[in-house]
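Structure assessment
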Amino acid sequence: MAALVKLDDPGRSLFWTAPAADDSELATEDPLALDYVSQQLGLQLLPTLTTRSTRAQAFAMVLYGLALVERAIALYHAPVTVESRRHLFERWERFWALATLEFREGELPRGDPDAMRGVQGARAAWRPGKGPLPLDYPLISRQQELGNLGAYLSPLRRAGLVLDDLRPSAAALDIIDAFWDEADNKHRGRYHDYALLALQPDASKIERSHANLTLARVGEFSRLTSLTERSRAQQQRRLYDALLAQARDPFTAAVTSLVQAAVRLDIDSAADILDAAVAGRLGPVDVALSELLVTARRFGDAMAAMLTTFDGIYAAIQQEGWTASAAKIANAVLPPQVLAELQHAGRRLLDAPRANLLRGLPMHGAAYMRLTEQLIGADPVTALDAILGYHAAVQRERRRGEGWIRSEHGTLVLLVTSYTARPEADRFPSYKLSAVRQLLSDTGRLSSDAKRRRSGAEDPP
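In this text, all values refer to a predicted model and were calculated from it rather than measured experimentally. (Residues numbered from 1 in each chain as written. Predicted model: local features only at pLDDT ≥ 70, side-chain atom pairs only at ≥ 80, totals over all residues. Heavy atoms only, no water.)

Considering the overall build of the protein chain
Along its length, the protein chain carries 22 helices and seven strands. The 461 residues of the protein chain split such that 52% are buried. Considering only residue pairs separated by 6 or more positions, the protein chain has 73% of its internal contacts joining residues 24 or more positions apart. (Helix = DSSP H or I, 4+ residues; strand = E, 2+ residues; numbered from the N terminus. Buried < 20%, exposed > 50% of the residue type's maximum accessible area, 1.4 Å probe, protein only. Contact = heavy atoms within 4.5 Å.)

This is the structure we're talking about:
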């Protein structure tokens, strides 16, 4: 029977929550910081990319925008500073987003392949008609972190395409020059001139046409799907070479080849791709990469098992009315078979060829490996205590309090009641393999047979 429990500090335990908007840039809460650890492993496999840099045209859009900023600084006598460049780039980004909305006549639902970062803000600013559209609208909250520049700057720098001061490098010039079209299109300059108008420091609105060029046409030529919809084969090749085939790290090109081979064999999930790669079914893999792949596969299994366990603990306490006996929860969530499976995944991870890589991570990796060691041979109650202790330590590290579940003399009390567990299929990390697949699709590098087989089975990315 549930009982009311007096809260020692209501201010730390009670708060209003609201569901994230459909187009929110927020991800599901990560209670054990395992997403961070998986991202560090993914950074070893694919150093050039991030989990947020998934669209080839967005890379080109950022590069062109930064080049446009340099022209605007000279033309409008703006300060030659990083902050000025960021400010001007955001004006370009808002113009580009409005152009996409104009071409799509305001219809850009969640999950649409043309839906850009900040689509919700652009939709709020766009309106039908012929009048000018605002340029000073808020595109996205925490713009510098969550906008396209924040998402794509690091991989562009790693690829050698952007310098530290936000200027494009010489290696990016061919991509920038062909942003609107190839050299045989004599009208490219009109698009450039139109975009420059949006960067005027005192411009608060943009007209829907300029020099016989419409804003909708700008959106048609520059939207995220323009590479494929307009059959931009040469620009696709440039982006494929710069980001994947000629990446300046040991593994990105090799992992890209593995993903391409997986598509040909209709292998989809990250776990299955890793299995096939380690087994040699996707082509030759050198020893260093094979060790990383094996470690990533075993960490993924351990991560999925640990998240399942934590989510089970959380749900069991919630079902008991937010308070429950620790022993009861431990035995319910961690019966012998389940605990054995968790420990088996942990042993395999501890024996992985690059386990020391995880131990050497600067934040949560070493602590997670210690937790894994603690669980070997633990009974259900001891395992529960260790998992909740690790969770509390993660929250302290993040400066978010002492954790979501408090243990008081053998009783567990749920302090945060708004957590929603991710679907089971999402507990195994993607390691950016899905990002590679999207980039391959955008650059026309997936086999037509594989795409045709999948066209009726999946929604657009």
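What to know about the packing of helix α3 (residues 56-76) against helix α7 (residues 148-158)
A pair of packed helices can be characterised by two numbers: the angle between their axes and the separation between those axes. With their axes 10 Å apart at the nearest point, α3 and α7 run at an angle of 95 degrees to one another. Classified by the angle their axes make, α3 and α7 are roughly perpendicular. Every residue of α7 that contacts α3 at Ala58, Phe59, Met61, Val62, Leu63 and Leu66 is listed here: Asn148, Leu149, Tyr152, Pro155 and Leu156. (Axes fitted to C-alpha atoms, helices over the stretch in contact; angles between N-to-C directions. Parallel < 35°, antiparallel > 145°, perpendicular 65-115°, else oblique.)

Some remarks on the sheet that holds strand β6 (residues 405-408)
Reading across the sheet, the three strands line up as β5-β7-β6 and stay open at both edges, with antiparallel pairing between neighbours. Two strands lie at the open edges of the sheet, namely β5 (323-325) and β6, each paired on one side alone. Adjacent strand axes in the sheet meet at a mean angle of 25 degrees when their direction is disregarded. In terms of strand pairing, β6 meets strand β7 (residues 411-414) through four bridges, oriented antiparallel. Residue Glu408 lies in a different strand from β7, and its bridge partner there is Thr411. (Pairing = 2+ DSSP bridges.)

A few points about the nonpolar core
Among the nonpolar cores identified, the biggest contains 145 residues, and Trp92, Phe95 and Phe299 are the most heavily contacted of them. Considering every element that reaches this core, the biggest residue donor is helix α15 (residues 287-319), with 14 residues. With sequence-adjacent residues up to four places away left out, Phe95 is seen in contact with Leu135, Tyr194, Ala195, Ala198, Ile206, Leu215 and Val218. (Core = buried A, V, L, I, M, F, W, Y, C linked by side-chain atoms within 4.5 Å.)

Some words on the pattern of salt bridges
All told, the structure shown has 24 salt bridges when counted by the stated rule. One salt bridge in this structure joins Glu320 and Lys328, with 3.2 Å as the shortest N-O distance. What you see here is one network of salt bridges that share partners, running through Asp181, Glu182, Arg230, Arg232 and Arg238. (Salt bridge = Lys/Arg side-chain N within 4 Å of Asp/Glu carboxyl O.)

Thoughts on the environment of Ser222
In this fold, Ser222 is placed in helix α10 (residues 215-222). The exposure class assigned to Ser222 is buried, which follows from its relative accessible area of 0%. Each C-alpha atom of the pair Ser222 and Asp181 lies 9.4 Å from the other, and the pair is 41 residues apart in sequence. Excluding its chain neighbours within four sequence positions, the residues that come into contact with Ser222 are Gln57, Trp96, Phe179 and Trp180.

Remarks on the packing of α15 against helix α20 (residues 380-397)
Where α15 meets α20, the axes come as close as 11 Å, and the angle between the chain directions of the two elements is 95 degrees. Between α15 and α20, the crossing angle belongs to the class labelled roughly perpendicular. Contacts between α15 and α20 involve Met306, Thr309, Phe310 and Ile313 from the former and Leu384, Ile387, Leu388 and His391 from the latter. Residues belonging to the contact of α15 with α20 are distributed by class as follows: six nonpolar, two polar and no charged. (Nonpolar A, V, L, I, M, F, W, Y, C, P; charged D, E, K, R; others polar.)

With respect to helix α2 (residues 34-45)
Across its twelve residues, α2 extends 17 Å between first and last C-alpha, which sits within 8% of the 16 Å expected from 1.5 Å per residue. By the burial criterion, the buried members of α2 are Leu34, Asp35, Tyr36, Val37, Ser38, Leu41, Gly42 and Leu45. Where the residues of α2 are buried, they touch α13 (252-264), α15, α18 (355-359), α19 (365-375) and α20. (Expected span 1.5 Å × (residues − 1).)

Section: the confidence of the model for the protein chain
Residues of the protein chain with pLDDT of at least 70 account for 90%, and the chain-wide mean is 90. Every residue in residues 9-27 scores below 50 in pLDDT, and together they form 19 contacts with partners more than four places removed in sequence or on other chains. Contacts from residues 448-461, a stretch scored under 50 in pLDDT, to residues over four places away or in other chains number 14 contacts. (pLDDT = per-residue confidence, 0-100.)

Details of the pairing of β7
As defined by bridge partners, β5 adjoins β7 across three bridges and the pair is classed as antiparallel. In the sheet register, Ser325 faces β7, and the bridge partner there is Thr411. Taking the residues between adjacent antiparallel strands as the criterion, β6 and β7 are bridged by two residues, where His409 takes a positive phi near 55 degrees.

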